[in-house]
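Per-entry structural report
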Amino acid sequence: MTPTITAFERSPDRGRGLARDMRVRWALEEVGQPYEVRLVSFGAMKEPAHRALHPFGQIPTYEEGDLALFESGAIVFHIAERHAGLLPDDSNARVRAIAWMFAALNTVEPPIADRGMAALTEHDKIWYEERRPILEDRVRVRLGELSSRLGDADWLDNAFSAGDLLMVTVLRRLNGSGMLEKYPNLFAYVARGEARPAFRRAFDAQLRVFTGNQPTGS
């Protein structure tokens, strides 16, 4: 059965591939699983029908038969468990890949997301200029730790896995900030992820949603 995922009808990132449906699209492309996309407006996301799928009124969601999932990490994990290609066969390596999935979402993403949200919603507040260095220092701490662990390796634990997929999508949230460039191995790591054919297919698909729905004259 072909799964259906939800995505923004009008993505706030203007097609840069930063919305969390990108993670799910990429995972599905990596394992060669066809999928359908149902676009959801901001209004519809808060309606009971969507909240039945996602209690917090967000995207993405994933539906396959009688299974409905929310949270991008849980969806990627489900895909990785169901299809070969995103988790190693070796049991120890498999658990390490899962640990990196948790690390990407629970350790590395929160300070990056906090910094981005503050820049978006607090930039005009009197306290923002004092708070920004604190937020950026928290990001730099995580980037430094991750950079040290990655070293000169291509991927976090030998072969590419779902852990790398999630970590790359998290680090891409720093695009345009100049922060990632200070860590050449992480900058190259993200570029390797973006160069994967499955990433390019997923990125192009989500970009078409944005470019194909631009209002006339925009």
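Nothing here was measured: the structure is a model prediction, and the numbers come from that model.

Quick notes on the overall build of the protein
- The helix and strand inventory of the protein stands at nine helices and four strands.
- Helices and strands in the protein line up, N terminus first, as β-α-β-α-α-β-β-α-α-α-α-α-α.
- In terms of overall size, the protein behaves like a compact globule, its C-alpha atoms giving a radius of gyration of 18 Å where 218 residues would be expected to give roughly 17 Å.
- Its C-alpha atoms give the protein principal-axis dimensions of roughly 50 × 45 × 30 Å.
- For the protein, the proportion of its 218 residues judged to be buried stands at 46%.
- If you take every contact in the protein between residues at least 6 apart in sequence, the share linking residues at least 24 apart comes to 68%.
- When the accessible surface of the protein is totalled, it reaches about 11300 Å², and 52% of it is carbon and sulfur.
- Put simply, the protein has 28 plus and 30 minus side-chain charges, and the middle of one group is 3 Å from the middle of the other.

Things to note about the pattern of salt bridges
- Scanning the entire structure with this criterion turns up 15 salt bridges.
- For the salt bridge of Arg 25 with Asp 21, the shortest nitrogen-to-oxygen distance reads 2.7 Å. Note that Arg 25 and Asp 21 are positioned in helix 1 (residues 21–31) at a spacing of four residues, about one turn of the helix. In this structure, Arg 25 and Asp 21 share a single accessibility class: buried.

Digging into helix 9 (residues 197–211)
- Between its terminal C-alpha atoms helix 9 stretches 21 Å, which fits the 21 Å expected from 15 residues at 1.5 Å a residue.
- The elements touched by buried residues of helix 9 are strand 1 (4–8), helix 1, strand 2 (36–40) and helix 8 (184–195).

Side note on the sheet that holds strand 2
- If you trace the four strands from one edge of the open sheet to the other, you get 2-1-3-4, paired in mixed fashion. A single partner strand is all that each edge strand has here, and the edge strands are strand 2 and strand 4 (67–70). Ignoring strand direction, the axes of neighbouring strands in this sheet form an average angle of 25°.
- Sheet topology places strand 1 next to strand 2; five bridges connect them, and they run parallel. For Ile 5, the partnering residue across the bridge sits in strand 2 and is Val 37.
- Relative to the sheet, helix 4 (residues 72–82) contacts strand 3 (61–64) and strand 4, its axis offset from that of strand 4 by approximately 130°.

Brief notes about the packing of aromatic side chains
- The final tally for this structure, using the stated rule, is seven aromatic pairs.
- Residues Phe 56 and Phe 70 carry aromatic rings whose centres are separated by 6.3 Å and whose planes lie at 65° to one another, so their mutual orientation is edge-to-face. Of the two residues, Phe 56 sits in the loop between helix 3 (48–51) and strand 3 while Phe 70 sits in strand 4, which places them 14 residues apart along the sequence.
- The interplanar angle of 20° and the centroid separation of 6.0 Å between the aromatic rings of Phe 199 and Phe 203 together place this pair among those described as stacked.

Quick notes on the confidence of the model for the protein
- Mean pLDDT over the protein works out to 93, with 97% of the residues at or above the 70 mark.
- Scored below 50 in pLDDT, residues 214–218 shows two contacts in the model against residues more than four places distant or in partner chains.

Looking at the nonpolar core
- By size, the foremost hydrophobic cluster in this structure holds 50 residues, and its most contacted members are Ile 79, Leu 86, Leu 143, Met 167, Leu 171 and Tyr 189.
- When residues of this core are traced back to their parent elements, those giving at least two are helix 1, helix 4, helix 5 (91–121), helix 6 (128–150), helix 7 (162–171), helix 8 and helix 9.
- Element by element, the count of residues in this core is highest for helix 5, at eight residues.
- By size, the runner-up hydrophobic cluster in this structure holds five residues, among which are Phe 8, Ala 19, Val 40 and Ile 59.

Reading guide: rules and limits
Residues numbered from 1 in each chain as written. Predicted model: local features only at pLDDT ≥ 70, side-chain atom pairs only at ≥ 80, totals over all residues. Heavy atoms only, no water. Helix = DSSP H or I, 4+ residues; strand = E, 2+ residues; numbered from the N terminus. Rg over C-alpha atoms; globule rule 2.2 N^0.38 Å. Buried < 20%, exposed > 50% of the residue type's maximum accessible area, 1.4 Å probe, protein only. Contact = heavy atoms within 4.5 Å. Areas by Shrake-Rupley, 256 points an atom, 1.4 Å probe, with all protein chains shown as cover. Lys, Arg positive; Asp, Glu negative; His and termini not counted. Charge placed at Lys NZ, Arg CZ, Asp CG, Glu CD. Salt bridge = Lys/Arg side-chain N within 4 Å of Asp/Glu carboxyl O. Expected span 1.5 Å × (residues − 1). Pairing = 2+ DSSP bridges. Axes fitted to C-alpha atoms, helices over the stretch in contact; angles between N-to-C directions. Phe/Tyr/Trp six-rings, centres within 6.5 Å; stacked < 30°, edge-to-face > 60°. pLDDT = per-residue confidence, 0-100. Core = buried A, V, L, I, M, F, W, Y, C linked by side-chain atoms within 4.5 Å.

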